[in-house]
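One letter stands for each residue in the lines below.
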Amino acid sequence: MSVRTSIVWDYAPAPEATDHVRLRDSYGLFVGGEFRDPVDGRREPTINPATEEPLAEVAWAGPKDLEAAIEAARAAQPAWAALPGRERAKYLFRVARLIQERARELAVVESLDGGKPLRESRDVDIPLAAAHFFHYAGWADKLRYGVAGREVEPMGVVGQIVPWNFPLLMAAWKLAPALACGNAAILKPAETTPLTALLLAEICQEAELPAGVVAIVPGDGATGATLVRAPGIDKIAFTGSTGVGRDIQTALAGRDVGLTLELGGKSANIVFEDAALDQAVEGIVNGIFFNQGHVCCAGSRLLIQESVADQVVAKLWRRMGNLRVGDPLDKNTDVGAINSAEQLARIEALVAAGEEEGAVRRTVACDVPERGYWFAPTLFTDVSPAHRIAVEEIFGPVVSVLTFRTQAEAIEKANNSRYGLAAGIWTDKGAKAFEVAAALQAGVVWQNTYNHFDPTAAFGGYKESGFGREGGPAGLRPYLREKGA
Ligand code: NAP
Ligand code: MG
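Residues numbered from 1 in each chain as written. Chains lettered and ligands numbered in written order. Predicted model: local features only at pLDDT ≥ 70, side-chain atom pairs only at ≥ 80, totals over all residues.

**Describing the overall build of the chain**
Inference 1: The helix and strand inventory of the chain stands at 15 helices and 22 strands.
Inference 2: C-alpha extents for the chain along the principal axes are approximately 80 × 50 × 40 Å.
Inference 3: Taken over 485 residues, the chain has a buried fraction of 54%.
Inference 4: Here the contacts in the chain between residues at least 6 apart in sequence split such that 72% fall between residues at least 24 apart. (Helix = DSSP H or I, 4+ residues; strand = E, 2+ residues; numbered from the N terminus. Buried ≥ 20, exposed ≤ 12 C-beta atoms within 10 Å, placed from the backbone. Contact = placed C-beta atoms within 7 Å.)

As structure tokens, this is what we get:
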């Protein structure tokens with residue numbers, strides 16, 4: 001008789017070291033090239049969402065602090081713009097190199113402050129942030145070629161507001177093109193994740209960037225709203241929710257202030273029956289569970305061709321069971337902490353709505369730490385296109401499955417959204433992929449991959465996902481105006 005033993009094995013803990021991280025107890029506002037105490041702002045702790053422990057205290061800018069930042073930026077901008085492009089490029093290049101030098105530290109701080117798995121901050125966020133500075137360093141002396149030979153000049157002083165899901169990367173997406181074009185920039189990081197932007201301020205100092213060219217002014221929504229309305233700002237670049245984007249657009253109506261908005265999404269990830277299904281399942285997982293689904297372009301509406309729907313759902317559910325949820329600093333973690341208590345409540349409310357409306361919920365059973373904010377990977381089937389979980393952005397590790405029969409129906413369902421940020425197409429047929437991509441109302445369409453970012457490629461939305469592009473030569477345009485215009 002032969003006896004078969006099944007071996008049950010698990011990963012040993014593999015925590016990333018944190019002893020190399022140099023966090024200060026308290027950070028001032030980065031204004032005029034130095035860290036300053038707030039004049040009419042205050043100090044607030046920023047916490048680690050995986051433990052609820054405070055990490056450091058951070059100054060929040062009040063209206064007078066913003067005035068000072070704008071004044072310093074206005075004073076610095078003309079000389080910055082007057083530098084030959086290749087000289088500005090050297091500063092950007094230095095910032096990129098310093099990000100690389102401090103990559104380990106930045107990755108750990110990003111994971112501590114925001115809750116994302118170290119594997120992602122180390123392999124995606126930080127290298128891509130450096131790559132954006134390298135890319136735009138290359139453009140600084142070639143601006144005319146980026147805008148089809150037109151005579152252009154910088155906008156002037158730009159206000160930039162970023163969300164908490166990719167704190168350093170979003171800061172790089174904003175600052176690198178603005179600086180390459182000769183603008184001075186005032187960046188407001190999100191309330192829950194200010195730390196890597198403050199480390200970037202240290203890097204600007206180390207790179208000897210002229211004082212005033214970059215300001216980092218942490219704060220809450222009120223700080224952002226004040227910055228938007230402040231006199232002396234020539235352009236606002238905003239990434240965040242569609243609701244706040246609308247408020248900003250209203251506030252700027254009738255004013256000669258440039259505006260670009262990168263807003264929310266409810267992106268369709270479309271799986272055709274002829275796709276390599278195992279590969280598609282990996283893409284679905286990456287599309288929705290990357291960064292706990294806190295991704296504007298997350299593939300949160302999974303459209304599967306009816307003939308393979310049961311098979312794909314079964315494979316996906318099996319694969320979801322292998323996701324490791326927990327300590328963001330563990331190198332084997334796939335799904336980290338939810339960014340804040342507020343975001344967790346938002347996810348829970350929408351998931352409850354999904355159940356109430358009659359969709360079928362499956363949530364992976366897993367042990368999560370007692371403290372901190374967690375939500376286990378979740379899959380909804382029997383979703384109708386009118387359900388809230390099929391319409392609204394959940395911004396969490398929750399995927400809603402819908403089915404379709406024909407290519408035309410897939411396109412119609414994918415486009416049936418007020419958003420239009422991104423989409424994914426899984427098929428073996430190249431011609432079908434191109435045909436479908438051309439019919440989709442989405443700024444980015446990935447074929448047989450998902451959540452793939454590159455500094456040379458433009459990113460941005462259709463419809464209520466916003467307007468303006470970031471990345472590549474298209475990303476220069478929002479930071480330049482035609483001479484005399
Ligand atoms: P949010 O509430 O709109 O916040 C974004 C930023 O705006 C934060 O810095 C926030 O400060 C600030 N803010 C809040 N109210 C403001 C106001 N009235 N005026 C000016 N600024 C204000 O968005 P979120 O919930 O943090 O981020 C998630 C959203 O961002 C999602 O909808 C996601 O799709 C979107 N997003 C889009 C892209 C893209 O490229 N299209 C990329 C990433 C994320 P506080 O942090 O203090 O609230
Ligand atoms: Mg935090």
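**A word on the nonpolar core**
Burial of nonpolar side chains together is a common tendency in soluble globular proteins.
Inference 1: In terms of nonpolar packing, the biggest core is built from 94 residues, with Ala69, Leu92, Ile99, Phe133, Ile186, Ala215 and Ile216 touching the most fellow members.
Inference 2: For this core, the leading source of residues is helix α6 (residues 167–180), giving 11 residues.
Inference 3: Not counting residues up to four positions away in its chain, the partners in contact with Ile216 are Phe30, Leu187, Pro189, Ala197, Leu198, Leu200 and Ala201.
Inference 4: One finds Ile284, Tyr373, Ala390 and Val401 within the second-largest nonpolar core, a separate group that totals 63 residues. (Core = buried A, V, L, I, M, F, W, Y, C linked by C-beta atoms within 7 Å.)

**Quick word on the domain arrangement of the chain**
Inference 1: Examined at the domain level, the chain breaks down into domain 1 (26–263 + 465–482) and domain 2 (268–454).
Inference 2: Using only C-alpha atoms to locate each centre, domain 1 and domain 2 end up separated by 30 Å.
Inference 3: Facing the 18 residues of domain 1 at the interface are 25 residues of domain 2.
Inference 4: At the level of secondary structure, the elements contributing two or more residues to the side of domain 1 that touches domain 2 comprise α3 (103–114) and α4 (118–139).
Inference 5: Per element, the largest residue contribution to the side of domain 1 that touches domain 2 is 4 residues, and it comes from α4.
Inference 6: Each residue belonging to the side of domain 1 that touches domain 2 can be placed in one class, and the counts come to 7 nonpolar, 7 polar and 4 charged. (Domains from an automatic or database assignment. Nonpolar A, V, L, I, M, F, W, Y, C, P; charged D, E, K, R; others polar.)

**Structural notes on the site of ligand 1**
Inference 1: In the neighbourhood of ligand 1, 29 residues make up the surrounding shell, with Glu191, Gly221, Gly224, Gly240 and Cys296 lying closest.
Inference 2: Mapped onto the shell around ligand 1, the elements with two or more residues apiece are α8 (221–229) and α9 (242–252).
Inference 3: Taken domain by domain, the shell around ligand 1 gets at least three of its residues from each of domain 1 (26–263 + 465–482) and domain 2 (268–454). (Near = placed C-beta within 6 Å.)

**Observations regarding the sheet that holds strand β18 (residues 422–426)**
Inference 1: Across the sheet, 7 strands lie side by side as β14-β15-β16-β13-β12-β18-β19; this open sheet has mixed pairing. Two strands lie at the open edges of the sheet, namely β14 (360–363) and β19 (444–447), each paired on one side alone. Strand-to-strand twist of the sheet, defined as the mean angle between neighbouring strand axes without regard to direction, takes the value 20°.
Inference 2: Where strand β15 (residues 378–381) and strand β16 (residues 398–404) come together, 3 bridges link them in parallel fashion. In the sheet register, Phe380 faces β16, and the bridge partner there is Ser400. (Pairing = 2+ DSSP bridges. Axes fitted to C-alpha atoms, helices over the stretch in contact; angles between N-to-C directions.)

**Describing the sheet that holds strand β5 (residues 53–60)**
Inference 1: Here 3 strands make up an open sheet; going across it, the order is β1-β5-β4 and the pairing mixed. The sheet is open, and its two borders are formed by β1 (26–27) and β4 (42–48), each paired with just one other strand.
Inference 2: Where β4 lies against β5, 7 bridges are found, and the strand directions are antiparallel. Within the sheet, the bridge partner assigned to Arg43 lies in β5 and is Ala59.

**Examining the pairing of strand β12 (residues 268–271)**
Looking along a regular strand, one sees the side chains alternate between the two faces of the sheet.
Inference 1: By the alternation rule, side chains of β12 split into Ala268 and Ile270 and Asn269 and Val271, which are all buried.
Inference 2: When β12 meets strand β13 (residues 301–305), the two strands line up parallel, connected through 4 bridges. By the bridge assignment, Ile270 is partnered in β13 with Leu303.
Inference 3: One crossover worth recording links β12 to the parallel β13 by way of helix α10 (residues 277–289), and it is right-handed.
Inference 4: Pairing geometry for β12 and β18, over 4 bridges, is parallel. Opposite Asn269, over in β18, you have Gly424 as the bridge partner. (Right-handed = clockwise from strand over helix to strand, strands pointing away.)

**Focus: the packing of α6 against helix α7 (residues 195–206)**
Inference 1: α7 packs onto α6 with a crossing angle of 50° between their chain directions and a minimal axis gap of 8 Å. What the angle tells us is that α6 and α7 run oblique. Once α6 is placed against α7, the crossing between them reads as right-handed. Mapping the contact onto sequence places Pro167, Leu168 and Ala171 in α6 and Thr196, Ala197 and Leu200 in α7. (Parallel < 35°, antiparallel > 145°, perpendicular 65-115°, else oblique. Left-handed = near helix turned anticlockwise from the far one by under 90°.)

**A few points about the environment of Gly443**
Inference 1: Position of Gly443 among the secondary structure elements: in the loop between α15 (430–439) and β19.
Inference 2: Of the residues examined, Gly443 has 24 C-beta atoms within 10 Å and is grouped as buried.
Inference 3: Those residues in contact with Gly443 that lie beyond four places of it in its chain are Gly420, Leu421, Ala422, Phe459, Gly460, Gly461, Tyr462 and Ser465.

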